[in-house]
Amino acid sequence: MTALSLTRPTSRLLTMGVAAVLALGLLGEGGATNTASAATTESATTTAPTSATKPGLRFAPAASTVQAYTYDGFVYLDSAVWLAAYGETHEFWAKRKKASAPVSLTRTVIRDGRRTTTKAPAAIVDGLNGFKNGLTVQVATTKGKVLAKDTRSLCPSGADRQRVEPNGRTEPVYPEFCGGSWFTRSSVSGIEQGWASKLDTFFELETKQKNLVMTVSISDPVANFLGLPAKGRTVTQQVEVVDECEIFDCGEIAEELLGTPAEGFSSAQDGDAASARAESLRAQSGHAGHGGSSTGSEHRTNLFTLGDAAHAGGDHPALGQRGSTPSNRKPAKDTLPDLVSAPAWQIGTEVDEAGTDRLTFNANEWNAGPAPLVVEGYRRGAGELMDAYQFFYKNGKEVGSTKTGTMEYHQAPEHNHWHFLDFASYELVTTKGKPVTPSGKQSWCLAPTDPVDLAVPGAVWRPEATGLDSTCGDRSAIWLREVLPAGWGDTYNQTQTQAFDLTKVKNGTYRIKITVNPNGALHERTRSNNVSYRTVVLGGKAGKRTVTVPPYEGVDTEVEVVPER
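Trainee: Any chance you could break down the overall build of the chain for me, citing the residues and the numbers?
Mentor: Scanning the chain from N- to C-terminus turns up 4 helices and 32 strands. Residues counted as buried form 56% of the 565 residues belonging to the chain. Carbon and sulfur atoms make up 49% of the accessible area of the chain, which amounts to about 23000 Å² in all.

Laid out in structure tokens, this is it:
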């Protein structure tokens, strides 16, 4: 796969390697910005458009020379090429009716309030991942010897956005990625008028060369559809290779980053193509920075426009005197989420650390809207329990809350944060529904890891910008908030003790039953879609159990990557 698929098989466990750090430029001054630390521009053979040029998509101005980093014999480089929208917005929708259906990709050009939509030819559509074979990246020596060349999908929504005109929007509105999981129904991407999106041109190769030439081009079929001028489809840049380890202690940074992975919450930073490619998790992976637990200290722009007294009401003693948010035990339907269970996928067998045969799987529960699922925890004295409250929203404004359960501190490797209890249940059952064995998973840190359907009412395109971040908290936390926005799901990879124990399970045909909101503790629009099933066939012997998974809706979800459609 060349374009990012958002959902990772290990989407709750993300280990960053030093290659990813180098790719992101973390060893250089300025933090995680561009891999190539120099200013980005186009080659001298192309003309940099201005606001006075013809509206449309163009390469943004970029420097003729960029820097790349070398570490342990490998060079990590990124030409930092930007695709900009001048004078108009370009919006792209990828949709399909079910998992086995082909993806339809459309582009809508928005100029002066007018919208013009065209459908992309099937030949240039790479499923949910953007434009098939739309981007070619080549690395050569200064004498012209080609060292590496790769053709990949073109995603118009990059993880890095910058403004190119002073008359565009103040902030971008489209997601920072392309892709999705097996069960994603629709996703949106785009470039806002006056903004530029950084294309996925990251490259890793083994070489001792100190000076290279990188060429990035958009294929003619894709460029024709996007309306790029014939002489503005290629960017060539000189690359200066810098050994960052001569200045910084790379070994210390590598040791820190290659330690035990931590489970945290998701945000769109997972869509960063550089880190995803560097970790070889390009396909079927989650937009998600699961690199550590969030403490809630990050500043976010609050697009929900909550008032200062937004959390002053309710009936919990910690909330004090009732304010603008009343307790609401029977909230209106238009203030509720709709929780949906997706079928299990990426199913396999393993022998855990204790020698127990296990059935592993991925589970995803998502919110079909129209309102976000917002659960907050308020610590109960000095103990490691919190009272959980569900908050209700209408048109982005908090309008009510009610007690909904309990949160507890989960002290365990890769966790060490607070979990909400009874969000879902996972069971292995017979073909007639009789329980066989449950999963050890009993609690959750809710967060948006996967877009499932960004066309549902109330869907949030950039959940990291809403001001309703998931904050799983550390041991000292006295409050936290867990969120699942409309249109998004939360994927957990069930392994080790959270997977099914097969010790007493005979070979044969079973079903994985996933139930979201099993006890009805959460208020939602309907519970009719809370249960899903996935058939599995177990075989083998102790220590070498096997599993066969029949296709779901005509799709084999057990291959390593999402196939091109």
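Trainee: Explain the sheet that holds strand E20 (residues 385–394) to me, and be specific about the residues and the numbers.
Mentor: Each strand in a sheet pairs with another by means of backbone hydrogen bonds, the pair being arranged parallel or else antiparallel. Read across the open sheet, the 6 strands follow the order E25-E22-E21-E20-E19-E27; overall the sheet is antiparallel. What marks the edges here is a single partner per strand, and that holds for strand E25 (443–444) and strand E27 (479–484).

Trainee: I'd like to hear about the state of the cysteines, residue by residue, with values.
Mentor: As enumerated under the stated definition, the model contains 2 disulfides in all. Each sulfur in the disulfide pair Cys155 and Cys178 lies 2.1 Å from the other. Between Cys155 and Cys178 the disulfide shows an S-S torsion of about 85 degrees. By sign, it is right-handed. Linking Cys155 in the loop between strand E9 (146–154) and strand E10 (161–163) with Cys178 in the loop between E10 and strand E11 (186–191), this pair joins segments that are 23 residues apart in sequence. Here Cys445 connects covalently by a disulfide to Cys472, the sulfurs 1.6 Å from one another. Within this pair, whereas Cys445 is found in the loop between E25 and strand E26 (450–451), its partner Cys472 is found in the loop between E26 and E27, the two being separated by 27 residues in sequence.

Trainee: Account for the pattern of salt bridges, with residues named and values stated.
Mentor: Applying the stated criterion to the full structure yields 17 salt bridges. For the salt bridge of Arg358 with Asp352, the shortest nitrogen-to-oxygen distance reads 2.9 Å. Accessibility expressed as a relative area gives 8% for Asp352, which makes it buried. For Glu427, the salt bridge identified is with Lys513, shortest N-O distance 4.0 Å. On the criterion of sequence distance, the pair formed by Glu427 in strand E23 (residues 424–430) and Lys513 in strand E30 (residues 508–516) is long-range, its members being 86 residues apart. Each member of the salt-bridge network shares a partner with another, and the members are Asp150, Arg152 and Asp200.

Trainee: An account of the nonpolar core is requested, with residue identities and associated values reported.
Mentor: Most often, soluble globular proteins keep nonpolar side chains buried together rather than apart. With 39 residues, the main nonpolar core has Leu57, Leu77, Phe131, Leu154, Ile218 and Leu226 as its most contacted residues. Those residues in contact with Phe131 that sit more than four places away from it in its chain are Phe92, Leu105, Ala120, Ile124, Asp126, Arg152, Ser153, Leu154, Val222, Phe225 and Leu226.

Trainee: Tell me about the side chain of Asp78, and name the residues and values.
Mentor: Along the chain, Asp78 turns up in the loop between strand E3 (74–77) and strand E4 (82–86). A polar contact of 3.0 Å, which involves the side chain of Asp78, links it to the backbone nitrogen of Ala80. Within the structure, the side chain of Asp78 is placed 2.5 Å from the side chain of Thr201, a separation counted as a polar contact.

Trainee: Help me get a handle on the packing of aromatic side chains, residues and values and all.
Mentor: Evaluation of the coordinates by the stated rule reveals 14 aromatic pairs. A ring pair is formed by Trp93 and Trp461, whose centres lie 5.8 Å apart and whose planes are at 75 degrees; its orientation type is edge-to-face. An aromatic cluster is present here, built from Phe361, Phe423, Tyr426, Trp444 and Phe500 joined pairwise through their rings.

Trainee: Quick rundown of the pairing of E30? Include the residues and the values.
Mentor: In the sheet, E23 pairs with E30 via 7 bridges, with the strands oriented antiparallel. Looking across to E30, one finds that Ser425 is bridged to Thr515. Inspection of the sheet shows E30 paired to strand E31 (residues 531–541) by 8 bridges, in the antiparallel sense. Of the residues in E31, the one forming a bridge with Thr515 is Val531.

Trainee: How would you explain the sheet that holds E10 if you had to name every residue and give the values?
Mentor: Spatial ordering of the open sheet is given by E1-E4-E12-E10, a layout of 4 strands whose pairing is antiparallel. A strand with exactly one partner marks an edge of an open sheet, and here the two such strands are strand E1 (56–59) and E10. Across this sheet, the average inter-strand angle for adjacent strands is 25 degrees, counted without regard to direction. Alignment of E4 against strand E12 (residues 195–198), held across 3 bridges, turns out to be antiparallel. Counted as the bridge partner of Ala84 is Ala196 from E12.

Trainee: Mind laying out the side chain of Thr201, listing which residues take part and the relevant values?
Mentor: Looking at the element boundaries, Thr201 is found in the loop between E12 and strand E13 (203–206). In this structure, Thr201 is in contact with Leu77, Asp78, Ser79, Ala80, Val81, Leu135, Val137, Arg152, Met214 and Val216, ignoring residues within four places of it in sequence.

Trainee: Lay out the pairing of strand E14 (residues 211–218) in plain terms, naming residues and giving numbers.
Mentor: As defined by bridge partners, strand E8 (residues 131–141) adjoins E14 across 7 bridges and the pair is classed as antiparallel. Each residue of the ladder has a partner; that of Val139, found in E14, is Met214. Of the strand pairs in this sheet, E14 and strand E15 (residues 234–243) are connected by 7 bridges, and their pairing is antiparallel. In the sheet register, Ser217 faces E15, and the bridge partner there is Thr234.

Trainee: If you had to explain unusual backbone geometry to someone new, which residues and values would you point to?
Mentor: In the segment running from Gly369 into Pro370, the intervening peptide bond is cis, with an omega of 10 degrees. Tracing the backbone through its elements, the reader meets Pro370 in the loop between strand E18 (357–367) and strand E19 (373–379). Located in the positive-phi region is Asn395, a residue other than glycine, with phi close to 55 degrees. By secondary structure assignment, the location of Asn395 is in the loop between E20 and strand E21 (397–410). Positive phi outside glycine occurs at Asn517, with the angle close to 55 degrees. Considering the arrangement of structural elements, one finds Asn517 in the loop between E30 and E31.

Trainee: With reference to specific residues and values, describe the environment of Ala80.
Mentor: Mapped onto the elements, Ala80 comes out in the loop between E3 and E4. Between the C-alpha atom of Ala80 and that of Ala62, which follows or precedes it by 18 residues, the distance is 7.9 Å.

What counts as what
Residues numbered from 1 in each chain as written. Predicted model: local features only at pLDDT ≥ 70, side-chain atom pairs only at ≥ 80, totals over all residues. Heavy atoms only, no water. Helix = DSSP H or I, 4+ residues; strand = E, 2+ residues; numbered from the N terminus. Buried < 20%, exposed > 50% of the residue type's maximum accessible area, 1.4 Å probe, protein only. Areas by Shrake-Rupley, 256 points an atom, 1.4 Å probe, with all protein chains shown as cover. Pairing = 2+ DSSP bridges. Disulfide = S-S within 2.5 Å. Salt bridge = Lys/Arg side-chain N within 4 Å of Asp/Glu carboxyl O. Core = buried A, V, L, I, M, F, W, Y, C linked by side-chain atoms within 4.5 Å. Contact = heavy atoms within 4.5 Å. Polar contact = N/O pair within 3.5 Å; in protein donor to acceptor, adjacent residues only side chain to side chain. Phe/Tyr/Trp six-rings, centres within 6.5 Å; stacked < 30°, edge-to-face > 60°. Axes fitted to C-alpha atoms, helices over the stretch in contact; angles between N-to-C directions.

Any link to function would need more than the numbers given here.
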